[in-house]
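Structural overview for review
Okay, here's what each chain looks like letter by letter:
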Amino acid sequence: MSENSVSFEARLRNNAAEVEACLASILGDTVQPDEIARPEPLLVAMRHGLLNGGKRLRPFLVMESAALLGGDPGAALRIGAALECVHSYSLVHDDLPAMDDDDLRRGQPTVHIAHGEANAILAGDSLLTLAFDIIAAPETRLKDRQKTELILALARASGIGGMAGGQALDLAAEGCVLDEAGITTLQAMKTGALIRFACEAGAIIAGSADAERQLMRQYGEKIGLAFQLADDLLDLTADTQTMGKATGKDAARGKGTLVALHGKDWTATQLEQLVRGAEDLLSRFGDRAAILIEAARFIANRRN
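Attention here is on the structure that accompanies the text. Not measured: the values here are computed from a predicted model.

**Comments concerning the packing of helix α14 (residues 264-282) against helix α15 (residues 290-301)**
Viewed as axis vectors pointing N to C, α14 and α15 meet at an angle of 170°, and their least axial separation amounts to 9 Å. Accordingly, the angle class assigned to the pair α14 and α15 is roughly antiparallel. Residues L271, V275, A278, E279 and L282 of α14 form the contact with α15, whose participating residues are L292, I293, A296, R297 and A300. Class assignment of the residues belonging to the contact of α14 with α15 gives a composition of 8 nonpolar, no polar and 2 charged.

Okay, structure coming up:
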């Protein structure tokens, strides 16, 4: 294992611990200004869906992209926490019987199994709303213009033209035969949009010029596609114990994926090309981009 790999894995763990602590503090018992109460059953369900471990890859990308470009680390931590709220809400709702109908997430019962469907729906709703609360709050030390840009970018990445729209396309595609363009669009929305936002957010936090913001978007698009390709490959080849969730469901439901369309060898080649593309985009930063380059490799080669 290379020195960069060791450094990356240590940084990933450390950042995840910071994010977990930040989220635990935000989801404390204390009622915040202009809140009336924090109902205990809902709070417990939100914590179940949010404080359940995981690699915290999306916040990691926010934090490391901001660090690369000179952004405030405290602000990056909070934006990463906000993004994790959106990601976790999407998983809570995705696991519901009306969606993917999963009983297991990260090796634990899903929120609707542990706390009931109604609380799971409300927990997801509340986590999505909380994300924008975190960005707008005075504790997030950014200019109002930056907050507005982040709110708009996250809304676009998570709504009808992004993640939620991608989920709708995914549900509609069950049992249908999608071509490569259809699959790519679906996956760019459902999975790629939030990963793209994570990388672009670092540039917004740092107050970077448009050129650097676009570069980070492009990097995010490449690793977002790599993430989905690797995920589809794992769904086909890994077991439930390794993944911490059910596997083999895409094939069982007749969902079209690029892996199913082109095969494992093509997928491996594409992953290599995406990693090289990500490296090329960040080459201008030299050694300072080593962690983000290692992140691209990690995403392409992950085992769970």
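**Points about the environment of K264**
Tracing the chain through its elements places K264 in helix α14. Judged by relative accessible area, which is 47%, K264 ranks as partly exposed. Considering only alpha carbons, one finds K264 and A296, 32 residues apart in sequence, at a separation of 19 Å. In this view, K264 contacts L233, L236 and T237; residues no more than four positions away in its chain are not counted.

**What about the side chain of D231?**
Note that D231 resides in helix α10 (residues 210-237). Here R302 takes part through its side chain, which lies 3.0 Å from a polar atom of the side chain of D231.

What counts and what doesn't
Once a new chain begins, its residue numbering starts again from 1 and follows that chain's sequence as written. With the structure being a predicted model, the display of local features is reserved for residues of pLDDT at least 70 and the display and counting of side-chain atom pairs for 80 or more, all residues being used for whole-chain, interface and lining totals. The side-chain values count all of the structure's non-hydrogen atoms but skip hydrogen atoms and water molecules. Axes here mean lines fitted to C-alpha atoms, for a helix over just the part in contact, with angles spanning 0 to 180 degrees between N-to-C directions. Comment: elements are numbered from the N terminus, with helices defined as DSSP H or I runs of at least four residues and strands as E runs of at least two. For classification, angles of less than 35 degrees are called roughly parallel, those exceeding 145 degrees roughly antiparallel, those between 65 and 115 degrees roughly perpendicular, and all remaining angles oblique. In what follows, residue pairs with any heavy atoms lying within 4.5 Å of each other are defined as contacts. Throughout this entry, Asp, Glu, Lys and Arg are counted as charged residues, while Ala, Val, Leu, Ile, Met, Phe, Trp, Tyr, Cys and Pro are counted as nonpolar. The remaining residues, Gly among them, count as polar. Summary of the burial criterion: residues with accessible area below 20% of their type's maximum are buried, those above 50% are exposed, and those between are partly exposed, where the area comes from a 1.4 Å probe applied to protein chains only. The term polar contact refers here to a pair of N or O atoms within 3.5 Å; inside protein, the definition further demands a hydrogen-donor-capable atom paired with an acceptor-capable atom, and it admits residues adjacent in sequence only when both atoms are side-chain atoms.

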